[in-house]
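One letter stands for each residue in the lines below.
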Protein chains: 2
Amino acid sequence: MRVGGVDRRTITPLADGSVEIIDQTALPERFVLRRLTRLDDAVVAIREMRVRGAPLIGVTAAYGCALALRADPTDAGLSQAVAQLAATRPTAVNLRWALERVRETVHGLPPRQRADAAWALAGRLAEDDVAACRAIGEHGARLLRDLAPATGALNVLTHCNAGWLATVDWGTALAPVYLLHDEGHAVHVWVSETRPRNQGRLTAWELAQHGVPFTYVVDSAAGHLLQRGLAEVVLVGTDRTTRTGDVTNKIGTYLKALAARAAGVPFYVAAPSSSIDWQLSAGAAVPIEERGAHEVAGEAALPVANPGFDVTPSHLVTGLVTERGVCAASAAGLTALFPEHGA
Amino acid sequence: MRVGGVDRRTITPLADGSVEIIDQTALPERFVLRRLTRLDDAVVAIREMRVRGAPLIGVTAAYGCALALRADPTDAGLSQAVAQLAATRPTAVNLRWALERVRETVHGLPPRQRADAAWALAGRLAEDDVAACRAIGEHGARLLRDLAPATGALNVLTHCNAGWLATVDWGTALAPVYLLHDEGHAVHVWVSETRPRNQGRLTAWELAQHGVPFTYVVDSAAGHLLQRGLAEVVLVGTDRTTRTGDVTNKIGTYLKALAARAAGVPFYVAAPSSSIDWQLSAGAAVPIEERGAHEVAGEAALPVANPGFDVTPSHLVTGLVTERGVCAASAAGLTALFPEHGA
């Protein structure tokens, strides 16, 4: 996507062997680029949410392995890097998926070839992510065109940031919005603040950069907006979707799904296959990251609970928008599109 | 309630003819008392939310009329005071109800008696509010005792602040919690931040003053908590309940009602009769206050919508806890308790 007239991705390998990221903790106030040169840089970037969004976390972890292997290409070095990276964020499955891909790729290679192989793999994962997001955009745009009212803008309600900042480029839930807007369709997005970290500000920044009209609201407003017929569709991302279609995503997603169902509004989830956990059936089994109290209460000494994600059961999900098309949020729906993961 | 060892009410008439309020915009950081001496002070106090909560707004408006009548006891003076006060906050019905009571009371009185009559009425409304809240506390406490688990604390999920700060004393939704706690029952409250103005901080402050255990969470967490069985009951206040039991309350209440229903958890509304709009049937007809963008986005120049309230349809409400007892959220339920408002 373009930022200030320049084409940007959220993560870019540089010729000197370092990796450049957009520091998302500085947005929207400042646009700051940072370089990752060692494993620790990648660990800190993911843990501190300088990069966030399930797809981008996965790619960053793969680059983190490459940086680690350059310093220590032994099996022990790889294991330690994988363990450190896996411990940063428990919920997004892309992280574990990317680390597993690195393991498979370097397995059996002589140590001196491992860093280069991981580096190349990270690049392929990044390109795959861009292609998947672009495909999700096209499949999702078809859905959105059908939901657009005869007159006036199509109103899309989203949560958190599932735009290009959450991926390498394009985004998941916002990719269809960008495509529709670029085609000249009138689209308006309800942007949910997304407490406690206010990732809605990232979504607002993205949409403003791209010229897409939007309105920023508190998370609690979603029920009212849907009840009053002010959104034709809810479209969100996912950090982990089980093989049966239960969707784990940013805390508050489940409430939006309930409100969409009550209002008879379709609730779609943009789910690249990298975010599908083929090992898990029940969403209740997904580990929910508990984050620090300061995110919620700042310096106030309050007893706080801060679950980062919630689970939307599959029966509330109208459909999953994957890179291979749209399917029902069910094992049957998913394995029809991804037969290689069939029972 | 006691603050720092001193018994306090949220609003207190003083011997010098002024009215003392707790400035709730300074809480929880600072405990500040302010004096209202003229109509404008009351108007600003309500509009700027130095006093807030439907019952307290009503009593403050009545005192505001008394202050106005002291300066100008003519019919024109009264009409202007009523118009100014009515314009401060559109949603809470107690405001209009209290102003109507003042009109009735001073109607036909000679001008020189009007200020004193309004002053005395405001005092009676304050005492009535304390008594109503205390009765709601007792009726609600009976409900809560029945919902308490065999072992461990009863977990009550609430929203916004419907504690004593929202009333003259005791509170509505929190009154049963205080009574149960005072009886020695283990009670724990999930306190919802309540963006954009964070009235959850007021609830946290109240509960901490009283020694009631609580946990502070973002508004989006309610679905997750209810889904995981971490609350036995949802208990909230109301700014206006229609005669058919539709409940208008702080934005985000509706989402909690949906999540409670999905989890099979009872959703009760503490509704003093002063907050019931006997003229209205459909919640959709209640005016929803649209507040300023700065509350949501601060200094950021973002397009913002900021509806202050939402409507929970009666079918999601397990029951209304009034000063006369608990009833179904329906015209039949309400008029059984309040036959004077029957068809």
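A brief report on the enclosed structure follows.

What counts and how
Residues numbered from 1 in each chain as written. Chains lettered and ligands numbered in written order. Predicted model: local features only at pLDDT ≥ 70, side-chain atom pairs only at ≥ 80, totals over all residues. Heavy atoms only, no water. Contact = heavy atoms within 4.5 Å. Buried area = accessible area lost by both parts, 1.4 Å probe. Salt bridge = Lys/Arg side-chain N within 4 Å of Asp/Glu carboxyl O. Polar contact = N/O pair within 3.5 Å; in protein donor to acceptor, adjacent residues only side chain to side chain. Helix = DSSP H or I, 4+ residues; strand = E, 2+ residues; numbered from the N terminus. Buried < 20%, exposed > 50% of the residue type's maximum accessible area, 1.4 Å probe, protein only. Least-squares fit on C-alpha atoms with pLDDT ≥ 70 in both. 1 Å grid on protein atoms, 1.4 Å probe; cavity = no way out; pocket = protein on both sides within 12 Å on 5 of 7 lines; lining within 4 Å. Points joined across faces, edges and corners; volume = space filled by probe spheres on them. Nonpolar A, V, L, I, M, F, W, Y, C, P; charged D, E, K, R; others polar. Pairing = 2+ DSSP bridges. Axes fitted to C-alpha atoms, helices over the stretch in contact; angles between N-to-C directions.

Notes on the interface of chain A and chain B
At the junction of the two partners, chain A supplies 40 residues and chain B supplies 40 residues. Buried area between chain A and chain B, summed over both chains or domains, comes out near 3300 Å², and the portion from carbon and sulfur atoms is 66%. For the chain A face of the interface with chain B, the top three residues by lost area are Tyr216, Ser220 and Leu255 of chain A, together amounting to 18%. In this assembly, chain A and chain B are joined by 2 salt bridges. Between chain A and chain B we count 10 residue pairs in polar contact (both at pLDDT 80 or more) in total. Per-element tally for the side of chain A that touches chain B: the top contributor is helix H9 (residues 253-263) of chain A, with 5 residues.

A look at H9 of chain A
Summarising burial for H9 of chain A: 8 of the 11 residues are buried, a large majority. Glycine 264 of chain A occupies a position one or two residues after H9 of chain A and carries a positive phi of about 70 degrees.

Quick word on unusual backbone geometry
Cis geometry marks the peptide bond from leucine 27 of chain A to proline 28 of chain A, where omega comes out at 0 degrees. When you line up the elements, proline 28 of chain A lands in the loop between strand E4 (19-22) and strand E5 (33-36). Backbone torsion omega between arginine 195 of chain B and proline 196 of chain B reads 5 degrees, so that peptide bond is classified as cis. By secondary structure assignment, the location of proline 196 of chain B is in the loop between strand E7 (187-192) and helix H7 (200-210). Although it is not a glycine, tryptophan 170 of chain A sits at a positive phi angle of roughly 75 degrees. If you trace the backbone, tryptophan 170 of chain A turns up in the loop between strand E6 (154-158) and helix H6 (175-182).

Side note on the pattern of salt bridges
Here the idea is simple: oppositely charged side chains can pair when their charged atoms come close. Residue and element names in this part refer to chain A. Counting across every chain of the model gives 36 salt bridges over all chains. Glutamate 127 serves as the salt-bridge partner of arginine 9, at 2.8 Å between the closest nitrogen and oxygen. Placement of the pair is arginine 9 in the loop between strand E2 (6-7) and strand E3 (11-13) and glutamate 127 in helix H5 (residues 111-147), with a sequence separation of 118 residues. Here glutamate 138 and arginine 134 are joined by a salt bridge, their closest N and O atoms 3.0 Å apart. Here arginine 134 and glutamate 138 lie together in helix H5, a separation of 4 residues that amounts to about one turn. Residue glutamate 138 is classed as partly exposed on the basis of its relative accessible area of 35%. Judged by its relative accessible area of 34%, arginine 134 is partly exposed. When salt bridges with common partners are traced through the structure, they connect Arg89, Arg197, Glu289, Arg291 and Glu295 into a single cluster.

Overview of the relation of the copies chain A and chain B
Note on the identical chains: chain A maps onto chain B by a rotation of 180 degrees and an axial translation of 0.0 Å, with an RMSD of 0.0 Å. Taken together, the rotation and translation relating the two chain copies correspond to the operation of a two-fold axis. Most of the interface of chain A is mirrored in chain B, where 100% of its interface residues again form contacts.

Notes on the layout of surface pockets
Here the idea is plain: a probe the size of a water molecule rolls over the atoms and shows the empty space left. Residues and elements named next belong to chain B. Empty space within the largest pocket amounts to approximately 510 Å³. For the largest pocket, the lining is made up of 27 residues, of which Trp97, Ser273, Ser274, Ile276 and Trp278 are closest to its centre. Elements supplying a minimum of two residues to the lining of the largest pocket: helix H2 (54-71), helix H4 (93-106), helix H5 (111-147) and strand E13 (276-277). If you tally residues by element for the lining of the largest pocket, the top one is H4, at 7 residues. Class assignment of the residues belonging to the lining of the largest pocket gives a composition of 10 nonpolar, 6 polar and 11 charged. Within this model, the second largest pocket holds a volume of roughly 370 Å³.

Some thoughts on the sheet that holds strand E3 (residues 11-13) of chain B
The strands that make up a sheet pair up through hydrogen bonds in the backbone, lying either parallel or antiparallel. All names here are of chain B. Pairing within the open sheet is antiparallel, and its 3 strands lie in the order E3-E4-E5. Each having just a single partner strand, E3 and strand E5 (33-36) make up the two edges of the open sheet. For this sheet the average axis-to-axis angle between neighbouring strands, irrespective of direction, equals 25 degrees. Judged from the 4 bridges that link them, strand E4 (residues 19-22) and E5 form a sheet pairing that is antiparallel. Looking across to E5, one finds that isoleucine 21 is bridged to arginine 34.

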